[in-house]
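This is what each chain is made of:
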Amino acid sequence: RQGLADAQLGRGAPDQLWLALFASGTVYGGQTTRSSLYTGALRLDAQLEDRWVLGALYRGLGTTASFTGGGRGMGSETAAPIQSEGHLWFGHAAPDWQLVLHGAGITRSAATRAGVQQVYGHGGAAAGLSAMARFGLEWRASAVTTWYEDLTTTQLEGTGTLLLGDRWALRAGARTQLAEGGSTSAALAAIEWRGPWSMTLSGEYGPQRRPVDLEAGVLYDLPDQLQWAARLQTSLMLGHRARAWLAADLEGWRPLPASAAPADSTATRISAGLSFSF
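Calculation rules
Residues numbered from 1 in each chain as written. Predicted model: local features only at pLDDT ≥ 70, side-chain atom pairs only at ≥ 80, totals over all residues. Heavy atoms only, no water. Salt bridge = Lys/Arg side-chain N within 4 Å of Asp/Glu carboxyl O. Buried < 20%, exposed > 50% of the residue type's maximum accessible area, 1.4 Å probe, protein only. Helix = DSSP H or I, 4+ residues; strand = E, 2+ residues; numbered from the N terminus. Patch = residues over 30% accessible without salt bridge, like charges linked within 9 Å, V, L, I, M, F, W, Y side chains within 5 Å. Areas by Shrake-Rupley, 256 points an atom, 1.4 Å probe, with all protein chains shown as cover. Phe/Tyr/Trp six-rings, centres within 6.5 Å; stacked < 30°, edge-to-face > 60°. Pairing = 2+ DSSP bridges. pLDDT = per-residue confidence, 0-100. Contact = heavy atoms within 4.5 Å.

Some details on the pattern of salt bridges
Part 1: Applying the stated criterion across every chain yields a total of ten salt bridges.
Part 2: In this structure, Arg43 engages Asp45 in a salt bridge whose closest nitrogen and oxygen atoms are separated by 2.9 Å. For the pair Arg43 and Asp45, one class covers both residues: buried.
Part 3: Linking Arg231 and Asp249 is a salt bridge whose minimum nitrogen-to-oxygen distance equals 2.8 Å. One end of the pair, Arg231, is in strand β14 (residues 225-238); the other, Asp249, is in strand β15 (residues 242-254), and 18 residues separate them in sequence.
Part 4: The buried category is assigned to Arg231, whose relative accessible area is 19%.

Printed below as a string of structure tokens:
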């Protein structure tokens, strides 16, 4: 997500390459059957001839303790899982619009109650279209489909952003998700400060399944249902070649009948990273 934003800000240079290193930690509250999650990632973004956007990301995920998961796409695990993700995306950027296609493959290995090491695999594909300055708004629409062994989800999202002067922006939209023959919807809102130092405060409210968020590059892989989420992200330019960013997420989750979770829980995630351009 940060790489695409930088690509838009850096438009005008014929060829640019960004290298990003970042890490994230997630701690769950009100929930004794889940371990904390820690991830590390390496990401490359490139902009070629001022119109082609290319990118790749590898991420490894680990946990701090054993837990049992019995929900969709997770199997029955009694040991801390180890997970690897590979993401690729390709896009075309014009002066007033951008189209990006995204694909991902994920493998997850964990020991079962019988002590057998099993490997689970799933994947997904996304398409996002952004249009600038239509009717005074920046428009964006995306569609994401994720495949698990026993679950397929399709997510449609649309937002509009109103620019207030050169620095401030207000964003609002909605997301609809189709899974297991049913649908859920959520409202989205955000306020942004744009500049060398930038800040975004965003929130969403409404029930939804979120096994994986391909577009944001965030993997959840949880069988429960997200009820609400808030995110604060800041970034700062360090000279002309580097950007540092820090993000904090707070989420409220409710267990589904298929989940081993006994009660509602919260998730707190802290992420930090550096990106460099060449």
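Remarks on a nonpolar patch on the surface
Part 1: Nonpolar side chains collect at one region of the surface, where Leu162, Leu164, Trp168, Leu170, Ile191, Leu201 and Leu232 lie side by side and expose about 560 Å² of accessible area between them.
Part 2: Of all the secondary structure elements, the ones that give two or more residues to the nonpolar patch are β8 (152-164) and β9 (168-179).
Part 3: Mapped onto the elements, Ile191 comes out in strand β10 (residues 182-193).
Part 4: Of the residues examined, Ile191 reaches a relative accessible area of 31% and is grouped as partly exposed.

Quick word on the packing of aromatic side chains
Part 1: Enumeration according to the criterion identifies two aromatic pairs in this entry.
Part 2: Taken together, a centroid distance of 5.5 Å and an interplanar angle of 20° make the contact between Trp52 and Phe90 stacked. In this pair, Trp52 is assigned in strand β3 (residues 52-63) and Phe90 in strand β4 (residues 82-94), connecting sequence segments 38 residues apart.
Part 3: The exposure class assigned to Phe90 is partly exposed, which follows from its relative accessible area of 41%.
Part 4: A centroid spacing of 5.1 Å and a plane angle of 65° characterise the contact between Trp168 and Trp193, whose relative ring orientation is edge-to-face. Placement of the pair is Trp168 in strand β9 and Trp193 in strand β10, with a sequence separation of 25 residues.

Considerations on the pairing of strand β11 (residues 197-209)
Part 1: Sheet topology note: the β10/β11 ladder contains seven bridges and is antiparallel. Note that in β11 the partner of Ala189 across the bridge is Gly203.
Part 2: The antiparallel hairpin formed by β10 and β11 contains three residues in its connecting segment.
Part 3: One ladder, built from eleven bridges, connects β11 with β14; its direction is antiparallel. Residue pairing across strands places Gly203 opposite Ala230, the latter belonging to β14.

Structural notes on the confidence of the model for the protein
Part 1: For the protein, mean pLDDT is 76; residues scoring 70 or higher make up 72% of the total.
Part 2: When mean pLDDT is taken per element in the protein, β10 scores highest with 93 and helix α1 (residues 2-9) scores lowest with 45.
Part 3: Taken together, the stretch residues 1-13 has pLDDT below 50 and engages in 31 contacts with residues farther than four places along the chain or on a different chain.
Part 4: Within the model, pLDDT remains below 50 along residues 66-78, and this stretch shows 51 contacts once partners closer than five positions in the same chain are excluded.

Digging into the pairing of strand β16 (residues 265-277)
Part 1: Side-chain alternation along β16 places Ser265, Ala267, Arg269, Ser271, Gly273, Ser275 and Ser277 on a buried face and Thr266, Thr268, Ile270, Ala272, Leu274 and Phe276 on a face that remains uncovered.
Part 2: Across twelve bridges, the pairing between β15 and β16 is antiparallel. Paired with Leu250 across the two strands is Thr268, which belongs to β16.

Here we look at the environment of Ala46
Part 1: Considering the arrangement of structural elements, one finds Ala46 in strand β2 (residues 37-48).
Part 2: Judged by its relative accessible area of 12%, Ala46 falls in the buried class.
Part 3: For the pair Ala46 and Trp18, spaced 28 residues apart in sequence, the C-alpha to C-alpha distance is 6.1 Å.

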